[in-house]
Amino acid sequence: MTRRHTHVTSQVQTQFKFPGLDDKLVQTQYAALCYRIVKDKPQILLITSRGTKRWILPKGWPMKNRSPGQAALREAYEEAGVIGRVAETPLGRVPYLKTSESGEELPCVGIIYPVRVALLKAEYPEAGERKRKWFSRKKAAKRVLEPELARLLKTFDPKALKL
């Protein structure tokens, strides 16, 4: 774990409060905001969650021997078939509750990394478990449940990125 990652994680763990879950440690996941440019306008790729089928970003747990951005890119491939480039500077952080397979709610924070999509593979590890769809920023923001994520999607500007 790098010094920078440790610093980000410790900030995340103290910044967000989850009513009724204050005694639980906030877990960190890395998420990919996958985008493409069509007619000079960004489109954002959302996928469905496996359990509730709600629209989300691809995300997963930290991975040994991968930077946070590379872990987000790997999750984008596994969950959505994305081949692309990731920026190692996060766009922001989004708190949410993740429901475990046992039904327990885990307080989490997703650190969001931008991924410019070059290609979507037809076959990928979770193809049979999820749907994927491109949305405008505004429509993507309306489809997600987390208000912080909706704000981030609505204001996302890829022109500032070097991807």
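Use the structure listed above.
Residues numbered from 1 in each chain as written. Predicted model: local features only at pLDDT ≥ 70, side-chain atom pairs only at ≥ 80, totals over all residues. Heavy atoms only, no water.

Asks: Explain the nonpolar core residue by residue, including any values.
Replies: Formed by 20 residues in total, the largest nonpolar core has its most connected members in Leu-33, Ile-44, Leu-46, Leu-57, Ile-112 and Leu-153. Those elements that place two or more of their residues in this core are β1 (27-38), β2 (41-48), α3 (137-143) and α4 (147-155). Element by element, the count of residues in this core is highest for α4, at four residues. The contacts of Ile-112, once residues within four sequence positions are left out, are Ala-31, Leu-33, Leu-57, Pro-90, Leu-91, Gly-92, Val-94 and Leu-152. Grouped together as the second largest cluster of nonpolar side chains are 18 residues, Cys-34, Val-86, Val-115 and Val-117 included. (Core = buried A, V, L, I, M, F, W, Y, C linked by side-chain atoms within 4.5 Å. Buried < 20%, exposed > 50% of the residue type's maximum accessible area, 1.4 Å probe, protein only. Helix = DSSP H or I, 4+ residues; strand = E, 2+ residues; numbered from the N terminus. Contact = heavy atoms within 4.5 Å.)

Asks: Quick one: what's the story with the pairing of β2, residue by residue and with numbers?
Replies: In terms of residue burial, β2 counts as a mostly covered element, since six of its eight residues are buried. Of the strand pairs in this sheet, β1 and β2 are connected by five bridges, and their pairing is antiparallel. What sits directly across from Val-38, in β2, is Lys-41. Where β1 folds back onto β2 in an antiparallel hairpin, the turn is made up of two residues, including Lys-39, whose phi is positive at roughly 50°. (Pairing = 2+ DSSP bridges.)

Asks: Would you mind going over α4 in detail, with residue names and values included?
Replies: Among the residues of α4, those classed as buried are Leu-149, Ala-150, Leu-152 and Leu-153. One side of α4 holds all its buried residues, which, seen down the axis, span an arc of 165°. Those residues of α4 that are exposed and aimed more than 90 degrees away from the buried face are Arg-151, Lys-154 and Thr-155. Next to the buried residues of α4 lie β1, β2, β6 (92-99), β7 (105-120) and α3. (Arc of directions from axis to C-beta.)

Asks: Break down the layout of surface pockets for me, citing the residues and quoting the values.
Replies: The volume enclosed by the largest pocket comes to roughly 800 Å³. Residue lining of the largest pocket: 29 residues in total, with Gln-29, Ser-49, Lys-59, Lys-98 and Thr-99 positioned closest to the centre. Of all the secondary-structure elements, those providing two or more residues to the lining of the largest pocket are β4 (59-60), α2 (68-80), β6, β7 and α4. Residues belonging to the lining of the largest pocket are distributed by class as follows: nine nonpolar, seven polar and 13 charged. (1 Å grid on protein atoms, 1.4 Å probe; cavity = no way out; pocket = protein on both sides within 12 Å on 5 of 7 lines; lining within 4 Å. Points joined across faces, edges and corners; volume = space filled by probe spheres on them. Nonpolar A, V, L, I, M, F, W, Y, C, P; charged D, E, K, R; others polar.)

Asks: With reference to specific residues and values, describe empty space enclosed by the protein.
Replies: For the structure shown, the criterion picks out one cavity of 30 Å³ or more. What lines the largest cavity is simply Ala-31, Arg-54, Ile-56, Leu-57, Lys-59, Val-94, Tyr-96, Gly-110, Ile-112, Glu-146 and Leu-149. Breaking the lining of the largest cavity down by element, the ones donating at least two residues are β6 and β7. Here the lining of the largest cavity is built from residues that sort into seven nonpolar, one polar and three charged.

Asks: Can you lay out a positive patch on the surface for me, pointing to particular residues and giving the numbers?
Replies: Taken together, the side chains of Lys-133, Lys-138, Lys-139, Lys-142, Arg-143, Arg-151 and Lys-154 define a basic patch exposed on the protein surface. The leading source of residues in the positive patch is α3, at four residues. Structurally, the position occupied by Arg-143 is in helix α3. The class of Arg-143 is partly exposed, set by a relative accessible area of 37%. (Patch = residues over 30% accessible without salt bridge, like charges linked within 9 Å, V, L, I, M, F, W, Y side chains within 5 Å. Areas by Shrake-Rupley, 256 points an atom, 1.4 Å probe, with all protein chains shown as cover. Salt bridge = Lys/Arg side-chain N within 4 Å of Asp/Glu carboxyl O. Lys, Arg positive; Asp, Glu negative; His and termini not counted. Charge placed at Lys NZ, Arg CZ, Asp CG, Glu CD.)

Asks: Let's hear about the pairing of β7: which residues, and what values?
Replies: Alignment of β1 against β7, held across nine bridges, turns out to be parallel. Bridge pairing in β7 links Ala-32 to Tyr-113. When strand β5 (residues 82-86) meets β7, the two strands line up antiparallel, connected through five bridges. Within β7, the residue paired with Val-82 across the bridge is Leu-120.

Asks: Can you break down the packing of aromatic side chains residue by residue, with the values?
Replies: Inspection of every chain in the model, using the stated rule, returns three aromatic pairs. Across the ring face of Tyr-96, the terminal group of Lys-59 is positioned such that the distance to the ring centre comes to 5.2 Å. (Phe/Tyr/Trp six-rings, centres within 6.5 Å; stacked < 30°, edge-to-face > 60°. Lys NZ or Arg CZ within 6 Å of the ring centre and 35° of its normal.)

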